[in-house]
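# Tertiary structure, described
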Amino acid sequence: MMKDFSTTAPPLEVHDLTVAYDRRPVLYGIDLTVPAGSLTGIIGPNGAGKSTLLKAVLGLLPLSAGWVKIFGGPLAQHARRTGYVPQRESVDWDFPVNVMDVVLMGRYGHLPPGRRPGRADREIARACLDQVQMLPLAGRQIGNLSGGQRQRVFLARALAQESDLYFMDEPFAGVDAATEAAIIDLLRGMKDRGKTVVVVHHDLSTAQDYFDRLVLLNMRLVAAGPTAEVFTPELLQKTYGGRLTILSDVAQALGEER
Amino acid sequence: MSGFIPPFAWQRVVVQPWTEDFNVSFWIVVMGFLVAAACGVVGTYLLLRRMALVGDAISHSILFGLVVAFMIFRSGGTMVMFVAAVATGLLTVGIIEFIHRQSRVKTDAAICIAFTTLFAAGVVLLSVAEMQGPVHLDAECVLYGEIAFVPLDPAVEVFGLVLGPAPVVRMVGVLVGLLVLATIFYKELLVTSFDPALARSLGIRAGVWHYGLMAVLSIVIVSVFEAVGAILAVAMLVVPPMFAAQLSDRLPVRFALVFLHAALSSLLGYQLSVWLNCSPAGAMVVVGAMLFLLAWAVTRPRRAAFPGWTAPS
């Protein structure tokens, strides 16, 4: 079942986005449009600003310049339609909550302040846990999970958000092969249901298989488009090769000048 | 040694406080429990957010706010105290964040700069105020508190019903308010503590909840000031949640354990203070720390003492 998106604004539109840490620019003038129903991978070398791009788009970092539109408007207007899967290391896994508690957090965006998740929310959370084969571990403390299981919990939480646009930060990092296969199945299932998924990815060898669109990033946008057009030796060379170190040298010099 | 530690006389240490001196013992133990419980509930969130040092900072810098409020309003009424506490608490957190953002100073150093400066300013102002005339703000009381004076405070009467000493009644109000807020906003506090980035992407503003928690923390600290003072308040913020964290991996159970710890440390601490003729507040903290050590020793081999309490896995 495909929705008709031709008349609606694209899920994500970024124009001239520039981000600086401590006055040292890490992303320059990014222009990007992500079409609805696509599975987009963001790839680039370490320090290319892949995670920074996600955080900037989600309003977690201040922009130095440019703007971001989510479904044609500001993020705050569409917070419910936007899901986020942070890097696993970004949270404290000793936190006193169990798997179910974490997945229920995905429902919080749908509840007014002061309202707790109810029976219907629990049902949704159970269904989402079932989709990632984690339902038997619903009551387990999150500290007692393996890396792959933790990632599945985060994905179940994202599913529970029932969003239309998802941002995922390195969901494949450090997971076992079975989890990796489960995650990619899940992402394809989401795409088939008309969801838009943007994934930060670090593994070049799988990028071509996993994503139908790619964004090549190295502090500035190298290329963005269908995988077949973008995943070429020239553009990859341009993304990972020596050319762009000139830019980072400039950034370094700017940083030292302070 | 025998001259140093008084003999443990059952009659004097255990019987007398609960017969002849019942009114004094009762209110001290109740106050001790309320103080430890209120601090423990807020402290649980401080520990989860790795902000124990901020509790330390606010408990000291509040002296500055209290003295300023006292000089302006010439009164130590509850509302004046609360407003002064919240203002100073938020000012402290604001200064810490300002220093951290505007310079290369790391957070821990920024915390120390902010609160020691405010505390020092408070000490200076207090001396000035004391010289100018009768000021009912005692430096010693601010630092160490005196829970033993609590039963001496005039009792509060509502419609002819005698409720108890004013500080105890106020502390009940603070604890009940705290529990109501913690219950209503459980999910907001949970998600902003666990995953602030997710919270913000959900439209829950982590910053607002951060400052809200700091305001509540300031009110709790100022209301326990009279009883335990600035220094022991920090212990009360940190020790009960640490005890609870040793024994359970579930947040609701941790809150229950905080209350258990508060009751035990208050009662046993009071008995210890009667036995040794020492400060009840100090003895309560010592007992509280012992309880933590006990919990730690018991659970050392595993993470949780009572697997049944951590929900089946």
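This text gives an overview of the structure that appears in the document.

Each value, and the rule that gives it
Residues numbered from 1 in each chain as written. Chains lettered and ligands numbered in written order. Predicted model: local features only at pLDDT ≥ 70, side-chain atom pairs only at ≥ 80, totals over all residues. Heavy atoms only, no water. Contact = heavy atoms within 4.5 Å. Buried area = accessible area lost by both parts, 1.4 Å probe. Salt bridge = Lys/Arg side-chain N within 4 Å of Asp/Glu carboxyl O. Polar contact = N/O pair within 3.5 Å; in protein donor to acceptor, adjacent residues only side chain to side chain. Helix = DSSP H or I, 4+ residues; strand = E, 2+ residues; numbered from the N terminus. Nonpolar A, V, L, I, M, F, W, Y, C, P; charged D, E, K, R; others polar. Pairing = 2+ DSSP bridges. Axes fitted to C-alpha atoms, helices over the stretch in contact; angles between N-to-C directions. Expected span 1.5 Å × (residues − 1). Buried < 20%, exposed > 50% of the residue type's maximum accessible area, 1.4 Å probe, protein only. Core = buried A, V, L, I, M, F, W, Y, C linked by side-chain atoms within 4.5 Å.

At the interface, 30 residues of chain B touch 35 residues of chain A. Summed over both sides, the interface between chain B and chain A buries roughly 2800 Å², with carbon and sulfur atoms accounting for 60% of that surface. Our count for the contact surface shared by chain B and chain A stands at 3 salt bridges. Here Asp 92 of chain A and Arg 50 of chain B are joined by a salt bridge, their closest N and O atoms 3.4 Å apart. Inspection of the chain B/chain A interface yields 9 residue pairs in polar contact (both at pLDDT 80 or more). Broken down by secondary-structure element, the contributors of at least two residues to the side of chain B that touches chain A are α7 (166-184), α8 (186-194), α9 (196-201) and α11 (251-276) of chain B. Counting residues per element, the side of chain B that touches chain A draws most heavily on α8 of chain B, at 7 residues. Here the side of chain B that touches chain A is composed, by residue class, of 14 nonpolar, 6 polar and 10 charged.

Residues and elements named next belong to chain A. A sheet is described by the order of its strands in space; here 3 strands give the open sequence β2-β1-β4, paired in antiparallel fashion. Edge positions in the sheet fall to β2 (24-34) and β4 (65-70), since each of these pairs with one other strand and no more. Sheet twist, expressed as the mean angle between neighbouring strand axes with direction ignored, is 25 degrees. One ladder, built from 5 bridges, connects strand β1 (residues 12-21) with β4; its direction is antiparallel. The residue bridging Leu 12 from the neighbouring strand is Ile 70, located in β4.

Adjacent strands of a sheet form backbone hydrogen bonds with each other and so pair up, either parallel or antiparallel. Residues and elements named next belong to chain A. Across the sheet, which stays open at both edges, the 6 strands sit in the order β5-β6-β7-β3-β8-β9 with mixed pairing between neighbours. The two strands at the open ends of the sheet, each matched to only one other strand, are β5 (82-85) and β9 (220-226). With strand direction ignored, the average angle separating the axes of adjacent strands in the sheet is 15 degrees. Seen against the sheet, helix α4 (residues 147-160) touches β5 and β6 (165-169) and runs at an angle of roughly 175 degrees to β5.

This next bit is on helix α4 (residues 78-102) of chain B. Helix length check: α4 of chain B, at 25 residues, gives a terminal C-alpha distance of 36 Å against a target of 36 Å (1.5 Å per residue), a fit within 8%. Residues of α4 of chain B that are buried: Met 81, Phe 82, Ala 84, Ala 85, Thr 88, Gly 89, Thr 92, Val 93, Ile 96 and Ile 99 of chain B.

This brings us to the nonpolar core. Counting 130 residues, the largest nonpolar core has Ile 142, Met 168 and Leu 187 of chain A together with Val 35 and Met 214 of chain B as its most contacted members. Leaving out residues up to four positions away in the same chain, Met 168 of chain A has contacts with Leu 54, Val 85, Leu 155, Leu 187, Met 190, Val 197, Val 198, Val 199 and Val 200 of chain A. In this structure, Val 26, Leu 53, Val 57 and Phe 71 of chain A belong to the second largest nonpolar core, which totals 28 residues.

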